[in-house]
Every structure is written in structure tokens, then in C-alpha cells.
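Residue-level structure breakdown
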Amino acid sequence: MKLLEMIFSEEFLTTSIQLTLPILFAALAALVSNKAGILNINIEGSMTVSALIGALISFYTKSYLLGILAGIITGILMGMLLSYCSHKLKTDSALAGIALNIFASGFVIFLMYAILGTKGDTTAAPSMQIPYLKIPFLKDIPYIGVLFEQNLLFYVAIICVVLVLLFFNKTKLGLHIKSVGYNAEAARSVGINVNKVQFFALIIAGAFSGLGGVFLSMSYLSTFNSGMVAGRGFIGIAAEAMGAGKPFLTLLFSFIFGMVSSFSISAQTALSIPYELLNTLPYLMTIIALILYSINKRKKR
Amino acid sequence: MSKIKNLCLSLFEKVKKAIVNPSRKQKSTYFDLLRTLLAVVIALIITCVILIFTSDQPLIAIKSLLISPFENKFWRSEILRAMVPLIFAGVAASIMIRCGQFNMIGEGSFYIGGLVGALVAIYIKASPIVAILLALLASMIVTALFGAIPAVLKAKLKVNEFVISLMLNFIMLWIGMFFLQTYFRDEASGDIATYLIPEANRFKILISGTYLSTNILVAIFVVIIAGIFLYKTKYGYTIRITGDNQNFAKASGISAVSAIIYSQIIGSVIAGLGGACEILGSMDGRFSWKTLPGFGFDGFIVAILAANNPILVPLAALFLAYLRTGASLMSLRSDVASELVQVIQAIIIIVVAGQAFMARYKNKILNNIKKDGEVK
């Protein structure tokens, strides 16, 4: 009973939304990369670096907007770096992604130590918090009213989902990205510059990763620590796979992953299951979801 | 005696011929070696530039990174000690990459292998050698079971092994933490750690005055076995063919599915063995890892440097271990964090794996040989 009460509380919904956002941004990044035919493993790394840069810039400028902007730019730079590696140096994009993830996990600690003199977290330089937007009247609706008193990035994320949908159906670049991902050779034969299109896709993906990163270090927590992304970039890739490249389905699956994460946190007080085992839930859920997805795909064939 | 002499002579002739008059394939190998060296040099130059800009004592930092690891016997032995887990991780990754599998389970397998190895060594009642062997065996069995999960899923359902293995790593970590915290924790240690492993059930120190233990012998043994397995057995051949071209493998009646399964299980098992060897040869004598140790990703770096050849893995591992030792010295003696080494590694991988890096020169050199051949 206690469990049901917990699940149907506004608090649970709020936590779920908070845990959904980084996964959703990662999933959108994966979606755009995937549409362009790139397996973008670097989302995790981009999120990590963006989270740190966003947090630091917001601390030094005392402006959360500049922090967000810095995070987005960092994500874009990471995307450009991946593009350089796979297009100019012709490194296999999976390998380059792994390398850039290694780079990211070392670079953030190196930078943090060079600037703040600590390797743990940025408690010495707490980031500016991204504010919550409360929409009058709408927020008073019972239960779903919670949806209208969320973090600024919540609304940004919803708008992004709609924009991504429009982008792929209405814009030239969006259609080019889709055609490159569908068949790069065919796209090349009608005069589309494949590398350029993939470059733009990686930039967009980078911006989404950046948003996911700054949400973690500037809203979910008020400091950065090096393990904070904790595989969310990869869970995002899984959510995108579940959503089969459709923005709203991706949103739905990101939310399911967010709820599972939220459950594993709140159940620690409500149930007597050890927290270590509850911690495995989001990852276990990802594996099960990927299995179901591939079984389903096989049936369709 | 004369047999050995003949063997040496013929080997010498071979080497001489390879240097004086190399075949196209040999020239290509030299070129790849040169390319790798150049990548390393480029990465080190970038590092020095970063250090000059970020450190207050760049010269001390550069010196302790590059030269200090060789300054005395202790630090030289530390390089070898750091090399041991990298060898296991590198061999594990090489076998999986050779089969075309990007599986990161080495990370979790190192963790679980270390925990299981420690537990068996602590609680078993047996003579030391049997105890160590059983500890290693147990860690291999458990990691084989975990390794089978992404392997079978990939082979039977085509689920991406990369994402599955990453998720599985976190699951292995938390399952391990659960058992460690709930059942096996030594409260007196003041840490989340197991009880001390009895002195007799650990690997002995190999060179007195250092921490280098006999687990390095296990690592070398694994390299040799893996080399024989990959290049001299039917199973190894199947793995290589599957990795080169799965469709060709299928068309010629080779079971790619089974190669995909056992390559990943073997990878997981070698990493698990590495974890157990690392803990049983460590100086604190107990298991106290609270996060994933990072050797899964390290394995990939080593494998790429070694061109996915287990025989070359010790060399690549030695180089990486030298960098790591230098990095810890650098963070001890200057104001630079040792994590800079990860930045260096990333640059090396990207450049080494970059097909376009120096490709033009390679074609030039190889084409020259072709012309020479025509003249002759």
C-alpha cells in the first residue's frame, strides 16, 4: 500500500521528471546522430564535459543562462571533435566515441584540479541553479499541475521534442540527414555532401548532450562530480532505440526510464530492499527493454 | 646444441632478410609500427604544450611524467606492476575486437573477478597453491556466466553488445557492492572492504624491496596461451575470420554465431582472472573497490595499440603502464592531476585508429615496392 501511495504522489512524478530530463536529452542526441547513420557513443562524454564547463561558467559569471550556453557550446565542440575524428582522420566512429569518452572522463578531473585544486567535486564553486518556472492557474490543477511548475529545461526539452519532429519532416537539412542515414551512397549520388550533413547532425546532437549535462550539474545537483552522468548517456541511446527514431515515442521511453530510476530512489525508504540492488534497476530495465525491442523487431520481419 | 644454433642462425637470417629486403607485407608492418610511434610522439607533444600552459612548474611536470619512472628500481618495478592488469585487460579486449565485438564487460568482470577471487582466498580451507588456483578458477567461472549474457544476446537476438555490456557493468558493480556490504564486510577495516586475505593465499613478492608479485607470471602465461589460441587453433581462426568478414565466414560454413559467443565469454573470463590476480597480488591484501576499476576501457586502449594481437599486448601494456606511473609521479611532484594521462591515451587511440593518418605516405611507400618488384 505504501508503495502505491508513493508512486501516485506528486513528489514521485517530480523526481521522475527530473530523472527523465538528462535521459531525454541524451536520447534526442542519439536520435539525431542515428538518423544521420552515426553510432554516437560520445554522448556520455559530451554530457560529462558540458556539465563541468556549464557549472564552472555559471559560477564565475553568476549567470545560469551563460552556464547553459557554455554547456551547449561545449557539447557542440565535442560533436565537432567526433566529426573531425571520424571524417578527417577516418577513425571508426565507435572507436573515436570510446576514445573521446576516455578523454572526457580524464579531462574533467584534470580541469577541475587545475582550476579548483580538487578532484572530488565542485563544492568550492557551486553552480548557479537553473530556475523553476511556475505557470499561474495551470499549476493549481491537481496532480498534473506539477507539470506546470517545473525547471526551465523541462519546457526546453518538450519544445526540443516538437522541434526535432518538425526538423526531420519539414526542413531541408532534416530530410538530408534522414537520407544520409538511410543510404549514404544514394544520398551522395544525388549530390548531398554526406560528411557535411553528418557534421551538422553531430553538432545538433552535441547541443542536446550539452543541455543534458548542464541539467545534471546546474539543476539536479548544484555541484559537478566526475561520476555524475553515470551511464545516462547510454541509457539515452537505449531509450532512443526503444522509441524507434520517433521523437514522441523516445520521450515516452525516456520517461519510463526516468520513472524506474525514480522508483529505485524512493523505494529505498518505502521498501526494505537493499539500496545496492535497487540501484541496478535502471540498468536492468535497459537490458530488458533492449531485449524486448529486438525480439519485437525480429517478429516484424 | 647445434640444433639451437641452427635455429638461431635461421632466425637471424629471417630477421636480416626482413630488414634488408622486406616484402610488401613486412614493409606495411614497419609502416604501421612507425605510424603508432608517431602517434605517440604527437600525443606527447600535445601533452607538453598543455602542461606548459596549465602548470606553474611545467618542466618538473614533464620530467616526472617522462623520465622519473626510470629513476630507480622501485619505480621501474611499479611500471611492471601497473602493466599486469593492463595485460589481462588488453588480451581480453584483443580477442573480442578480433571477432568484431565491441564489448566493455572487462570493466565489470575485473570487479566481480577480484571480489570472487578475494572471497575464495579468504574463506577456503586448503593448501596455499590449491587455494590460489581455486580462487582464480572461481573468478573465471563467475565471470564466464556474466560474460555469456551479452554474448548470447548478441549472437541469438542481435542486441548491441556495447550498450548491454555497459549496463551490465553497473549491475555487476552493484551486485558486488551488495554482497560486500551485507555479508563479507570487515567492520574493523574502517572501510567497505573484505577481511584480509591470508598471507599464504596471496601471490608472493617477486623482487624484494618492491611490490611486484608473481601474478606477472600468470599474465605472461595468459599472453602465450591467447597467442596460441588465436593463431594456432581452429577456434582462433574462426574468431579471426568472423571478425574480418562475417558474411564470408557464414558463406564458407564457419559458425560465426558460436565465435561471437565464445570470443566474448573468453574475454570476460580473462578480465575476471585479471581482477582476481590483481587483488591476490595487491599490497593491501583485501578487496576494497567501490567503483568500477576502469580496466575494461584500458583494455581497449592496449588492444588498439597492440593492433589486436595478444602477443604484442605486453609491449602496449608496458608503454601504458609507463605513462601511468609517470602520471602518478607527476601528480605527486607537481601541480598537475594524474588524470591528464587519459587525455594522452585518447589522442593516441584516435590517431592510431585513424585510417587517414599518413595513409597517403603509406600508399606511396607500398607502391614504390610494387615498382621495384616489376623491375626485378
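Up top is the structure.
Quick summary incoming for the structure in this document. (Residues numbered from 1 in each chain as written. Chains lettered and ligands numbered in written order. Predicted model: local features only at pLDDT ≥ 70, side-chain atom pairs only at ≥ 80, totals over all residues. Heavy atoms only, no water.)

1. Some words on the packing of helix α2 (residues 10-35) of chain A against helix α10 (residues 232-242) of chain A
Residues and elements named next belong to chain A.
- Contact pair α2 / α10: the axes reach a minimum separation of 7 Å and the direction vectors enclose 60 degrees. The angle between α2 and α10 places the two elements in the oblique class. The hand of the α2/α10 crossing is right-handed. Here α2 contributes L19, P22, I23, A26, A27, A30, L31 and N34 to the contact with α10, which in turn contributes R232, G233, I235, G236, I237, A239 and E240. (Axes fitted to C-alpha atoms, helices over the stretch in contact; angles between N-to-C directions. Helix = DSSP H or I, 4+ residues; strand = E, 2+ residues; numbered from the N terminus. Parallel < 35°, antiparallel > 145°, perpendicular 65-115°, else oblique. Left-handed = near helix turned anticlockwise from the far one by under 90°. Contact = heavy atoms within 4.5 Å.)

2. Thoughts on the pattern of salt bridges
All names here are of chain B.
- Across all of its chains, the model carries 9 salt bridges over all chains by this definition.
- Between K290 and D191 there is a salt bridge, with the nearest N and O atoms lying 2.9 Å from each other. With a gap of 99 residues between them, K290 in the loop between α11 (256-280) and α12 (295-305) and D191 in the loop between α7 (161-182) and α8 (215-232) connect regions that are remote in the sequence.
- Residue class for D191 comes out partly exposed when judged on its relative accessible area of 29%.
- We note a salt bridge from D298 to R324, for which the minimum N-O separation is 3.0 Å. With D298 in helix α12 and R324 in helix α13 (residues 313-333), the pair connects residues that are 26 residues apart, well separated along the chain. (Salt bridge = Lys/Arg side-chain N within 4 Å of Asp/Glu carboxyl O. Buried < 20%, exposed > 50% of the residue type's maximum accessible area, 1.4 Å probe, protein only.)

3. Considering the interface of chain A and chain B
- If you look at the interface, chain A gives 40 residues, while chain B gives 43 residues.
- Together, I102, F110 and E276 of chain A form the three largest contributors to the area buried by chain A at its contact with chain B, with a combined 17%.
- On inspection of chain A and its partner chain B, the count reaches 1 salt bridge.
- For E339 of chain B, the salt bridge goes to K119 of chain A, with nearest N and O atoms at 3.2 Å. (Buried area = accessible area lost by both parts, 1.4 Å probe.)

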